[in-house]
Structure formats: C-alpha cells, structure tokens
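# Close look at the chain arrangement
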2 protein chains.
Amino acid sequence: MAPLTKYFTPGDSPGLNAGPPSENESLTLAYQTYGAPDNPAVLIPTCFSGKMNSTLSFLYGSEGSILKDYFVVVCGLLGGSESSSPSNAPDTLRGNNFPKISYEDNIHLQYALCRALGIDQLAAYIGFSMAGQQGYYMATMYPDFTKRLVVLASAARTSWHNKAFLEGPKAALESSIDWQDGRYTEPASSGTRAFARVYSTWALSSAWFRQEQWKRLGCASVEEYLTKFWDKAMGSWDAHDLMCMMQCWRLGDISDHGPVKGDLAAALASIKAKVLLMPSRTDLYFPTEDSFEELKHLKSGEVKVIESVWGHLAGGEWGPREDQEFIEKEVKRFLSG
Amino acid sequence: MAPLTKYFTPGDSPGLNAGPPSENESLTLAYQTYGAPDNPAVLIPTCFSGKMNSTLSFLYGSEGSILKDYFVVVCGLLGGSESSSPSNAPDTLRGNNFPKISYEDNIHLQYALCRALGIDQLAAYIGFSMAGQQGYYMATMYPDFTKRLVVLASAARTSWHNKAFLEGPKAALESSIDWQDGRYTEPASSGTRAFARVYSTWALSSAWFRQEQWKRLGCASVEEYLTKFWDKAMGSWDAHDLMCMMQCWRLGDISDHGPVKGDLAAALASIKAKVLLMPSRTDLYFPTEDSFEELKHLKSGEVKVIESVWGHLAGGEWGPREDQEFIEKEVKRFLSG
C-alpha cells in the first residue's frame, strides 16, 4: 500500500503540515516516507515525469528491499504535478504565471524538509535522470549533508546534445494547435501527445528497437507501444508541467556551485560524498563517456555501467527487471561500503 | 555554373522534353546531367530535403572531381520540390491530393530516364541517406542495371528505431497550429520549423555537440546553429513535401523485391552489383551495425566506416571536408576496381 502523501513548506509556512500546493503561495514539496524515522535516511526525488508512488519502486518495492533498514523519503520534483507545479498552484500562479523553477529551488526545499524531519545527514541520496542531477546539486550545494550519492543515468551538467534534443519536444508543444501561448483552458492534448512522441524515441536505443523489445511490454507493434506507453502516459500530462520540468533540466550545471563558477571539474572535485555513477551503455541523454569524464574529478567515485539496450530507461523505474536487479545489487554493495 | 534542370516523364508523355511538374498529370522527374554522354554513366539522386545543385557536390564539385570522366545524371527525389511534389503538382494533385510516393515510383522513373538518355547500364549508382536506399532498390528491382552501388549512410531497410524517430517530426508538424489537416493555404511555417527542430538533433551525434563543432560552421552557439541551419533550411520547406518524402522513407525495405518477400537476407543476396557501404560511426539513423549485418549477405560487398562525429551528416553534402575527402578516396578506388 502506498504511504500517505504529505506536504512541506519552509519558513513562515506550515512546515510539515502544509496543505497541498493549491493552498500555498510559497513552493510546496510533496513527500512520502517509508520505514522507521530513526533508521539512517535516504532521499529519493522523482525524475522528469515521474511520480512518487512509482519512483524507484524497484528499490523499495521488491522482495527483501535493499532499503528496508532505512528511513526513506521520496519527494516530488517541482513542476512534477505533485509538488508545486503550474497545474496545481493557487489560481494566481497557474500556467504562465508559475515561476521558472531551478534545481536550486528543489534542493533548498529538500534540504529544509530533511531538517524538519530531523535528518542531520543522509546516508544516501539516490536519483535517476533529473533526480540524479538533483543529487549532484545536493552534494555540491550542501557538501556535508549526504554521505553517499547514487547517480543513475544522469550527469552533473546537461550536455549541449541533451539541450538540443530537448528543443524538439519543446518546439512540438509550443507550435501545437492547442498550446495557445500557454493560455490553454482545455488540456493541450494534441501538443502533449506530440511532445511525448518526439521524446519517446530518445528514451530508448536503436538496439532496443532492433531486438523488438516492445514485445516484452506486451505490445504487438511499435505503433501500439507508442500509443499505449507514451500517448497515455506522458501525453496526458499538463503541458505547463512538462515545460516547467524541462526548463529546469536544461539549466542543469553544478559548476554554478563549485569553487570556480563554470569550472565543472572543480565542482566535481569539491564533492565530499562517495559517488556511485551508473550510466546505461545505450543512453542517448547521458552518454557513458560523460560519466567516465566526471569520474576523473571525483574525490571518491566509481562507475558501474548498466549493460542494457534499454537506453535511458535502463536506469529507472521503467527499465527491465534484469537492469533493476543489477542496480539493486550495486546500490546495496555501495550503501554498505 | 549549375547545369540546366530538365524534366522527364515516361510513356505517352513528352519524355526528356517534359515541362515542369506543374504541367504534367503524370509523375515527372527533374534531372541534370554533367559530362559527356558517351562516358560511363553514374546516377546520383537527391536525399531527404536535398536539392540537385548541391547533391553530392562534394563528389563533382571538387578540384579534379573523381567523376570527371563520367556522364553524371543527378535527379530529384519525388516529393523533393524539384521532381513532382505536393508543392509543384498541377492544381488537382496539390497538397493532400498528391499520391503517396514509394521508392518503387522513384526507381521506375529513374530507370526509364536512364534508358531514354541512352544508358544501357550504369557504371555506378551513388546515394546518400534516402538516396542510398534508392540505390538499394535499383540494385534489387533492376539487378543487371548497375555495376556498382555506393551506399552512403543508409540501409536496405528502414529500421524500427528509424521509423519511431520519424514519428516525432511527423507528430510535431501534424499537431502544429498551421497544418490544418494538410489544408493550409499559407506556408505552415510554425509546423515545418518544429519539424526541423525535432529532426535536427538526430542528424548529428552527442560527440559533435560535446566538441562544440557548431563553431566550425561559424556559429557562436547551439541556438544560432539551430536557427541558421535548420529553421532557415528545412524549416522553410513545404510541409506536404516533407511529409511526402518521409512516408516514402518509412516504407524503405528492399525485401519487397527479393526472391522471398520479407526476407532481407535473400534480397541482399540477390544483388548482382558490387556494393560499397559507407556508414558513419556516429549515425543515429542508420547505425554501423546494420551495415555490417547487410554485408554478411551481399555477394560482393565491403564496408568502409566514416570515422566521424558528424553523425548522419558525415555521409553527405553537409559533412565536413575531411569526411568528404575520405568518401572521395574510397569511392574513387571502388569505381576503378
């Protein structure tokens, strides 16, 4: 059974007892906790278009979960429809009026939430994709706060290639018939389905298609796969929420917080946490090469490549069981090291 | 100076003296010829969004062209705005009324054109991308007609990955505000720019972006590159023409013409031409792996990989000088063998 979703706002706001985002002018974090609060704490945020209930369910949901002896906090990415987002903000902040969100906004809130929950230090921060980027930010912005960092299919800086590919879904949505410069009143479904269609092929690999892996998902054809898994999932998101998360992603660059602004190597070298990087061999967003480049600069880092044809998806909740088992094995080892 | 563009229609039509497509109800091929007609003949068609004047200009345009001793025929892909296309057909066949075009339509016309020009056999058929697929079709549909086939960054069958990625630009255009179910009366610029934006990142590689190769094109930023090279080029095409070429591309599969329908290996084995396959190491459309798979079945084939970070573009007119020189060297050797 999924745990209760709770809400947090910092400062003068109602703290751990905040109501849902629609009731708060200030940014509100949706979160769930699993396990006993006096266990060592692990923070797991959601990724682009992820939801708390399913986020890293492969880590917590499996038989004999590798996190059963931890106090697990899962929180929603700002813009991700559970924490404050263009779709759920008070009327005055909805849609085009919602502020531009940064990784910094997420990290400051997550840190405040952890402190409010009585967590002085995280045993680990675990994140897939945009959540891995959040982890890199946490390790750079609050260098003493997390002992370990697990980065699944992600990178410390969003690459130019990644930024360029994100321009595709963005253009598809912004030029769509129902986007209306962001002033849509009915769901911009035509635009969000186009967004999802553009996005979908980047998420996997040519080898995945060559091997007709969609059959493992019970789909008879690529067309069925695209319709069943993308139109109905990402294609049904709120358009502003997708754009909100995406613009945050585009800005990903921890060198903003290192000793020399713009110097990625220096920022990586400033990280005190032990870091486990797990890129996927066929990831078209965050290539394995970039993880090995990062490794050169980390004080304490290791790379374990997920040898998979599942592209970017290999690193997260949508990956196949064998990749999830490999991740669990490596994360379990890393957590006990 | 570019040679004169001429027009060809077969059968009862005016043959080599046909007027432009707007004057013909039947499909019309635009073509240009270079060199003396009694030289050995080489046929070079255009690729997706290519134009005759620039098509393989690197082969014919360079100092001491490797094709100077040949009779070179360049012809336009149907749907490519020079040969019959939704944008230039007679009024009754414009836009949505234009027929669905296949590789077979192109090849039958090209064969008829060559025969009308007095060509009994081609010394070589050279094609990049969709033009490489046309070459594969020619070698399968008319197995005795071409002695040699050069396939640059292409494949005998459009892969599922390729088809899935093409769904992206298609969705962006079809959901755009100005597509109007294909009944636009003003250029669908918003849609075609979105189409180009989606398409653009697939054309190159993550390494190209990592190395900031856009600077070699005189661009200060990725944004400038996208605007200057994609919005203004592909983004200004007629929307129906883009869709027309793309649906042909999607259907690419020479196994329709082999001894056993659907058996790609058998179709490849039926090819009598000597084949030179030149995939690009970083091509996201037509991966090198697929070329090596094809090689296994060809009677007489070889693979020379273009070791380039220019992705798909490495194989054609938009590639960098060093890749073009490598192609020229290999093609020259292959033609004399």
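For the structure given in this document, a descriptive report is provided here. Bear in mind the structure is a predicted one, so any value in this text is a computation, not a measurement.

Reading the values: rules and limits
Residues numbered from 1 in each chain as written. Chains lettered and ligands numbered in written order. Predicted model: local features only at pLDDT ≥ 70, side-chain atom pairs only at ≥ 80, totals over all residues. Heavy atoms only, no water. Core = buried A, V, L, I, M, F, W, Y, C linked by side-chain atoms within 4.5 Å. Buried < 20%, exposed > 50% of the residue type's maximum accessible area, 1.4 Å probe, protein only. Pairing = 2+ DSSP bridges. Helix = DSSP H or I, 4+ residues; strand = E, 2+ residues; numbered from the N terminus. Axes fitted to C-alpha atoms, helices over the stretch in contact; angles between N-to-C directions. Contact = heavy atoms within 4.5 Å. Salt bridge = Lys/Arg side-chain N within 4 Å of Asp/Glu carboxyl O. Lys, Arg positive; Asp, Glu negative; His and termini not counted. Phe/Tyr/Trp six-rings, centres within 6.5 Å; stacked < 30°, edge-to-face > 60°. Lys NZ or Arg CZ within 6 Å of the ring centre and 35° of its normal. Parallel < 35°, antiparallel > 145°, perpendicular 65-115°, else oblique. Left-handed = near helix turned anticlockwise from the far one by under 90°. Buried area = accessible area lost by both parts, 1.4 Å probe. Right-handed = clockwise from strand over helix to strand, strands pointing away. Expected span 1.5 Å × (residues − 1). Nonpolar A, V, L, I, M, F, W, Y, C, P; charged D, E, K, R; others polar.

Membership of the largest hydrophobic core comes to 228 residues, with the highest contact counts inside it found for Ile126(A) and Ile126(B). Judged by nonpolar contacts, the second largest core, of eight residues, contains Ala172(A), Ala194(A), Val198(A) and Val198(B).

Residue and element names in this part refer to chain A. With mixed pairing, eight strands are arranged side by side in an open sheet as E1-E2-E4-E3-E5-E6-E7-E8. Single-partner strands in this sheet number two, and they are strand E1 (6–8) and strand E8 (301–303). Strand-to-strand twist in this sheet, taken as the mean axis angle between neighbours without regard to direction, amounts to 20 degrees. Relative to strand E4 (residues 71–75), strand E3 (residues 41–45) runs parallel, the two being bridged by five bridges. Directly across from leucine 43, in E4, lies its bridge partner valine 73. Packing of helix H3 (residues 130–141) onto the sheet brings it into contact with E3, strand E5 (122–128), strand E6 (148–152) and strand E7 (274–278), and relative to E5 it is tilted by some 145 degrees.

Residues and elements named next belong to chain B. Spatially, the eight strands line up as an open sheet ordered E1-E2-E4-E3-E5-E6-E7-E8, and their pairing is mixed. The open sheet terminates on both sides in strands that have one partner only, identified here as strand E1 (6–8) and strand E8 (301–303). Each strand of the sheet is rotated relative to its neighbour by a mean of 20 degrees, with strand direction disregarded. For strand E3 (residues 41–45) and strand E5 (residues 122–128), the ladder comprises three bridges, and the chain directions are parallel. Across the sheet, the residue bridging to valine 42 is alanine 124, located in E5. Strands in contact with helix H3 (residues 130–141) are E3, E5, strand E6 (148–152) and strand E7 (274–278); relative to E5, the strand with the most contacts, it is inclined by about 145 degrees.

Moving on, we come to the pattern of salt bridges. All names here are of chain B. Considering all chains together, one arrives at 44 salt bridges over all chains under this definition. Between glutamate 167 and arginine 250 there is a salt bridge, with the nearest N and O atoms lying 3.2 Å from each other. In this pair, glutamate 167 is assigned in helix H4 (residues 160–174) and arginine 250 in helix H8 (residues 239–250), connecting sequence segments 83 residues apart. When its relative accessible area of 27% is taken as the criterion, arginine 250 is described as partly exposed.

Our focus in this paragraph is the side chain of Asp323(A). All names here are of chain A. Tracing the chain through its elements places aspartate 323 in helix H11 (residues 321–335). Arginine 216 provides the closest opposite charge to the buried, salt-bridge-free aspartate 323, at an N-O distance of 6.9 Å. In this structure aspartate 323 touches Ile306, Glu307, Ser308, Trp310 and Ala314, once residues within four positions along its chain are discounted.

Further remarks concern the packing of aromatic side chains. All told, the structure shown has 51 aromatic pairs over all chains when counted by the stated rule. Against the face of Trp160(B) rests Lys163(B), its NZ or CZ located 4.3 Å from the ring centre.

On to the packing of helix H4 (residues 160–174) of chain A against helix H5 (residues 189–202) of chain B. Running from N to C, H4(A) and H5(B) point in directions that differ by 155 degrees, and their axes come no closer than 8 Å. Classified by the angle between their axes, H4(A) and H5(B) sit roughly antiparallel to one another. Taken as a pair, H4(A) and H5(B) cross one another with a handedness that is left-handed. Counting all contacts with H4(A), which are made through His161(A), Ala164(A), Phe165(A), Glu167(A), Gly168(A), Ala171(A) and Ala172(A), the residues of H5(B) involved are Ala194(B), Arg197(B), Val198(B) and Thr201(B).

Our next topic: the interface of chain B and chain A. Note: interface size is frequently given as the accessible area lost on complex formation between the parts. Of the residues lining the interface, 29 residues belong to chain B; the matching set on chain A comes to 29 residues. Summing the contributions of chain B and of chain A, the shared interface buries around 2500 Å²; its carbon and sulfur component is 68%. Its largest share of buried area at the contact with chain A, chain B owes to Trp160(B), His161(B) and Ser175(B), together 22% of the area lost on that side. Taking the shortest distance from any N to any O, the salt bridge between Arg197(B) and Glu167(A) comes out at 3.5 Å.

Here we take up the pairing of E6(B). Residues and elements named next belong to chain B. With five of five residues buried, E6 lies mostly within the body of the structure. Side chains Arg148, Val150 and Leu152 of E6 all project onto a buried face; the interleaved residues Leu149 and Val151 project onto the opposite face, where all are buried too. Bridge analysis of E5 against E6 gives four bridges, and the strand direction is parallel. Counterpart to isoleucine 126 in the pairing with E6 is valine 150. Following the backbone out of E5, through H3 and into the adjacent parallel E6, one traces a crossover that is right-handed. Of the pairings in the sheet, the one linking E6 to E7 comprises five bridges and is parallel in character. Looking at the pairing, valine 151 lines up with leucine 277 of E7.

On to the pairing of strand E2 (residues 29–34) of chain A, then. Residue and element names in this part refer to chain A. Burial analysis of E2 places six of its six residues in the buried class, which makes it a mostly covered element. Burial along E2 is two-sided: Leu29, Tyr31 and Thr33 and Ala30, Gln32 and Tyr34, pointing in opposite directions, are all buried. Pairing of E1 with E2, which is carried by three bridges, proceeds in the antiparallel orientation. Bridging from a neighbouring strand, tyrosine 7 pairs with alanine 30 of E2.

Residues and elements named next belong to chain A. Its 12 residues place the ends of helix H8 (residues 239–250) 17 Å apart at the C-alpha level, agreeing with the 16 Å of an ideal helix rising 1.5 Å per residue. Listed as buried for H8 are Ala239, His240, Asp241, Leu242, Met243, Cys244, Met245, Met246, Gln247, Cys248 and Trp249. On its buried face, H8 sits against helix H2 (103–116), H3, H4 and helix H5 (189–202).

All names here are of chain B. Taken N-terminus to C-terminus, the directions of H5 and helix H7 (residues 222–231) make an angle of 120 degrees; their axes are 10 Å apart at the nearest point. Taken together, the axes of H5 and H7 lie oblique to each other. In this structure, H5 meets H7 at a crossing whose hand is right-handed. For the pair formed by H5 and H7, the contact residues are Arg193, Ala196, Arg197, Tyr199 and Ser200 on the first element and Glu223, Leu226, Thr227, Trp230 and Asp231 on the second. When grouped by side-chain class, the residues that make up the contact of H5 with H7 number four nonpolar, two polar and four charged.

With that settled, the discussion passes to the environment of Ala269(B). Residue and element names in this part refer to chain B. Locating alanine 269 in the fold gives a position in helix H9 (residues 264–269). Accessibility expressed as a relative area gives 32% for alanine 269, which makes it partly exposed. Remark: the alpha-carbon pair of alanine 269 and glutamate 325, spanning 56 residues in sequence, is separated by 30 Å. Discounting residues that sit within four places of it in the chain, alanine 269 has contacts with His297 and Lys299.

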